[in-house]
Amino acid sequence: MRAAPTILHLDMDAFYASAEQAAKPSLRGKPVVVGGLGMRGVVATASYEARRLGVHSAMPMAQARRLAPNAAYLVPRFALYRTVSDQVMELLGRLSPLVEPLSLDEAFVDLEAGGVADDSASARLVGEQLRTVIRAVTGLSGSVGLAGSKMLAKIASEEAKPDGLLLIEPGTERELLAPMSVRILPGVGPATGDHLRRAGMTVVSHLTEAGEAELVRLLGKAHGVALHRMAQGYDDRPVVAERDAKSVSVEDTFEVDLHDRVRVRAEVERLAARCVQRLRGAGRSGRTVVLKVRRYDFSTLTRSETLRGPTDDPTVVREAAARLLEAVDTTGGVRLLGVGVTGLADFTQEDLFAQAAHAEQAAHAEHAAEDPEGADAVPDEREGPAGEATGAESRKIEETPASRRWPAGHDVRHDVHGHGWVQGSGVGRVTVRFEEPWTPPGRVRTFRVDDPALRPADPLPLVRDGEDYSSWPASLPKSLSGPGPGEGDESRP
């Protein structure tokens, strides 16, 4: 624990939904839900307007539609979210060399390591400036927590939401935590929370009153000791600039259960290829291949196979995943499949048999190129969702307008009407609202899905011609430091 609140936690407010509202003037102030729109889709993020109607992250999309039938339901635009996230992380990197991203929209920052804060006053000033600059650069709001530990900084940012700042003065931790639910502590999920509730412990003060010995009896030595320390506000975890990934994995949920064993195997092979692509993108290899199967009755099975050495060979991973699939009964139907690789390493111990098989495949491909009529057709591996053509197949059809998919919320451009976004599509038609982040709400027009004047487009920046903050934090005037105490920011106690 530190004597000054120099650990900062930033959490962007309803990140995906807020980015969509910033990009689409007609949706500002209205309920917006971002996630998978299929029958089995789930909510990724809901705007605060939608949250007031009961919609929340990880909720089945069908349930969200019942609660908020008039909300805008949009497919995620990860290219936009990553761009904005990069802008935010770049700003955080100016404050300190120790920035620990947790996801696209949240991170810890060690202000003391950056030399920008050493007491409550300087930490508060940096937090206020950060919120102001983030809004100016991205058009979005973020909530900031400041404390002497990572645990308390994260709790503070959650308490400050939305669009606020909360500083927890060192020495006030126990008083602050005492009335809070035990679920607010790291490591207390639904199962542990329910176990503690049955023992009569629902708020943090109950844990400190019970004592370490009782928590060890209930939860085991490691978990019990750690939980007792956290209940008293102790957390000595440092901010780590690079978090080493322990695994790489991909998974897909299918709108309709898969019953065809051949189709199931094909999906596993496709996922294995995607997994290896991510593995290679990270410059890693792995030793253990893991298969995840969620069946029709929601039961989830995992199977793993440890190889003779680390590999990033797609053939090795694909064949291992296929062997694992043979041991799983899928006759009732499969709703989710996943392939992962664990035991990561920075080097690869090549499998000679896999190399031989790969060489044989290459020779076959070369022969097919020379004599396409006499070779078996081998479909390209796909990168997109099940049923979406990519690779060579997509290159053949990408210029055919009728073949394009028009996901709700995604960007388009029309030769006459300019930039817009898809409100919906179906029955051979696509409805587009033409507006930009800096324009008033735009008009809605409907086109045929094969209209040659309409085509997909890249997302626009959320802020145009903003102020220059390239020299921040050194040059940011204190007059731009955002609202002062009593205007959205707080100190505890």
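Residues numbered from 1 in each chain as written. Predicted model: local features only at pLDDT ≥ 70, side-chain atom pairs only at ≥ 80, totals over all residues. Heavy atoms only, no water.

Colleague: What am I meant to see in the overall build of the protein chain here?
Modeller: Secondary structure assignment for the protein chain yields 16 helices and 18 strands. A burial count over the protein chain gives 45% of its 493 residues as buried. Accessible surface, the protein chain as shown: approximately 24300 Å² in total, 51% of it carbon and sulfur. (Helix = DSSP H or I, 4+ residues; strand = E, 2+ residues; numbered from the N terminus. Buried < 20%, exposed > 50% of the residue type's maximum accessible area, 1.4 Å probe, protein only. Areas by Shrake-Rupley, 256 points an atom, 1.4 Å probe, with all protein chains shown as cover.)

Colleague: I would appreciate a short explanation of the sheet that holds strand 15 (residues 429–434) in the present structure.
Modeller: Two pairing modes exist for strands in a sheet, parallel and antiparallel, and in both the strands are linked by backbone hydrogen bonds. Reading across the sheet, the five strands line up as 16-15-14-13-17 and stay open at both edges, with antiparallel pairing between neighbours. Every interior strand has two partners, whereas the edge strands, strand 16 (443–448) and strand 17 (454–456), have only one. Between one strand axis and the next, the sheet turns through 40° on average, direction left out of account. (Pairing = 2+ DSSP bridges. Axes fitted to C-alpha atoms, helices over the stretch in contact; angles between N-to-C directions.)

Colleague: How should I be thinking about the side chain of threonine 288 in this particular structure?
Modeller: Tracing the chain through its elements places threonine 288 in strand 10 (residues 285–295). Looking at threonine 288, the relative accessible area reads 14%, which means it is buried. A polar contact is formed between the side chain of threonine 288 and the side chain of threonine 306, at a distance of 3.2 Å. Those residues in contact with threonine 288 that lie beyond four places of it in its chain are Ser304, Glu305, Thr306, Gly340, Val341 and Thr342. (Polar contact = N/O pair within 3.5 Å; in protein donor to acceptor, adjacent residues only side chain to side chain. Contact = heavy atoms within 4.5 Å.)

Colleague: Is there a simple way to explain the pairing of strand 7 (residues 142–147) in this structure?
Modeller: In the case of a regular strand, side chains alternate between the two sheet surfaces. Within strand 7, six of the six residues are buried, which leaves it mostly tucked inside the rest of the structure. Of the two faces of strand 7, the one holding Gly142, Val144 and Leu146 and the one holding Ser143, Gly145 and Ala147 are both buried throughout. Taken together, the six bridges between strand 1 (residues 7–12) and strand 7 define a ladder with antiparallel strand orientation. Across the sheet, the residue bridging to aspartate 11 is serine 143, located in strand 7.

Colleague: Sorry, what's going on with the packing of helix 1 (residues 15–23) against helix 4 (residues 78–95) here?
Modeller: Interhelical geometry of helix 1 versus helix 4 gives an angle of 100° and a closest axis separation of 10 Å. On the basis of the axis angle, helix 1 is roughly perpendicular to helix 4. Along the contact surface, helix 1 presents Phe15, Tyr16, Ala19 and Glu20, while helix 4 presents Phe78, Leu80, Tyr81, Val84 and Ser85. The residue inventory of the contact of helix 1 with helix 4, partitioned by class, reads seven nonpolar, one polar and one charged. (Parallel < 35°, antiparallel > 145°, perpendicular 65-115°, else oblique. Nonpolar A, V, L, I, M, F, W, Y, C, P; charged D, E, K, R; others polar.)

Colleague: What is the right way to read unusual backbone geometry from this model?
Modeller: One can expect most non-glycine residues to show negative phi and most peptide bonds to be in trans. Following lysine 161, the chain continues into proline 162 via a peptide bond in cis, with omega recorded as -5°. Considering the arrangement of structural elements, one finds proline 162 in the loop between helix 7 (150–160) and strand 8 (165–168). Proline 473 follows tryptophan 472 through a cis peptide bond whose omega is 15°. One can find proline 473 in the loop between strand 17 and strand 18 (489–492). Even without a glycine there, the phi angle at alanine 14 is positive, about 40°. With respect to the element layout, alanine 14 can be found in the loop between strand 1 and helix 1. Residue alanine 14 is classed as buried on the basis of its relative accessible area, which comes to 5%.

Colleague: Looking at this structure, I do not really get the nonpolar core. What am I missing?
Modeller: Counting residues in each nonpolar core, the largest one holds 41 residues, and the members touching the most others are Leu92 and Leu111. No other element matches helix 4, which puts eight residues into this core. What leucine 92 contacts, discounting residues up to four positions off in sequence, is Leu10, Val99, Ala107, Val109 and Leu130. (Core = buried A, V, L, I, M, F, W, Y, C linked by side-chain atoms within 4.5 Å.)

Colleague: Just to check I follow, could you spell out the pattern of salt bridges for this structure?
Modeller: For side chains of opposite charge, pairing can occur when their charged atoms come near one another. Counted by the stated rule, this structure contains 28 salt bridges. Ionic pairing is found between aspartate 11 and lysine 161, a salt bridge with its closest N-O pair at 3.8 Å. Separated by 150 residues along the polypeptide, aspartate 11 in strand 1 and lysine 161 in the loop between helix 7 and strand 8 bring together distant segments of the chain. On the basis of relative accessibility, which here comes to 10%, the residue aspartate 11 falls in the buried class. Between arginine 323 and glutamate 305 there is a salt bridge, and its shortest N-O distance comes to 2.5 Å. Taken as a pair, arginine 323 in helix 14 (residues 314–326) and glutamate 305 in strand 11 (residues 300–311) lie far apart in primary sequence, 18 residues in all. For arginine 323, a relative accessible area of 43% corresponds to the partly exposed category. Look at the salt bridges and you will find they share partners, linking Asp252, Arg263, Glu267, Arg270 and Arg274 into a network. (Salt bridge = Lys/Arg side-chain N within 4 Å of Asp/Glu carboxyl O.)

Colleague: What is the right way to read helix 14 from this model?
Modeller: An α-helical turn contains 3.6 residues, so a residue and the one three or four places further along point in the same direction. When the terminal C-alpha atoms of helix 14 are compared, their 19 Å separation across 13 residues agrees well with the 18 Å that a helix rising 1.5 Å per residue should span. In terms of burial, helix 14 is a largely internal element, ten of the 13 residues being buried. Structurally, the start of helix 14 carries an N-cap: the backbone nitrogen of threonine 315 is 2.7 Å from a side-chain oxygen of aspartate 313. (Expected span 1.5 Å × (residues − 1).)

Colleague: Got a minute to help me understand helix 13 (residues 261–281) in this structure?
Modeller: The terminal C-alpha atoms of helix 13 lie 30 Å apart, and with 21 residues this matches the ideal 30 Å at 1.5 Å per residue to within 8%. For helix 13, the elements touching its buried residues are strand 9 (247–258), strand 10, strand 11, helix 14 and strand 12 (334–345). With a side-chain oxygen lying 2.9 Å from the backbone nitrogen of valine 262, the N-terminal cap of helix 13 falls on aspartate 260. Of the residues one or two after helix 13, glycine 283 is the one with positive phi, at around 70°.

Colleague: What am I meant to see in the side chain of aspartate 411 here?
Modeller: Structurally, aspartate 411 is set in strand 13 (residues 411–414). In this structure the side chain of aspartate 411 is engaged in a polar contact, spanning 2.3 Å, whose partner is the side chain of arginine 77. A polar contact is formed between the side chain of aspartate 411 and the side chain of histidine 419, at a distance of 2.9 Å. Sequence-distant contacts of aspartate 411, that is, excluding residues within four places in its chain, are made with Arg77, His419, Gly420, Trp421, Pro456, Ala457, Asp458, Pro459 and Leu460.

Colleague: Please clarify how the sheet that holds strand 3 (residues 43–46) should be interpreted in this entry.
Modeller: The mixed open sheet is built from three strands, whose spatial order is 3-2-4. With one partner strand each, in any of the chains shown, strand 3 and strand 4 (72–74) form the two edges of the open sheet. When strand polarity is set aside, the average angle formed by the axes of neighbouring strands in this sheet is 25°. The sheet contact formed by strand 2 (residues 32–35) and strand 4 spans three bridges and is parallel. For valine 34, the partnering residue across the bridge sits in strand 4 and is leucine 74. The strands that helix 1 touches are strand 2, strand 3 and strand 4; relative to strand 2, the one it contacts most, it runs at about 120°.

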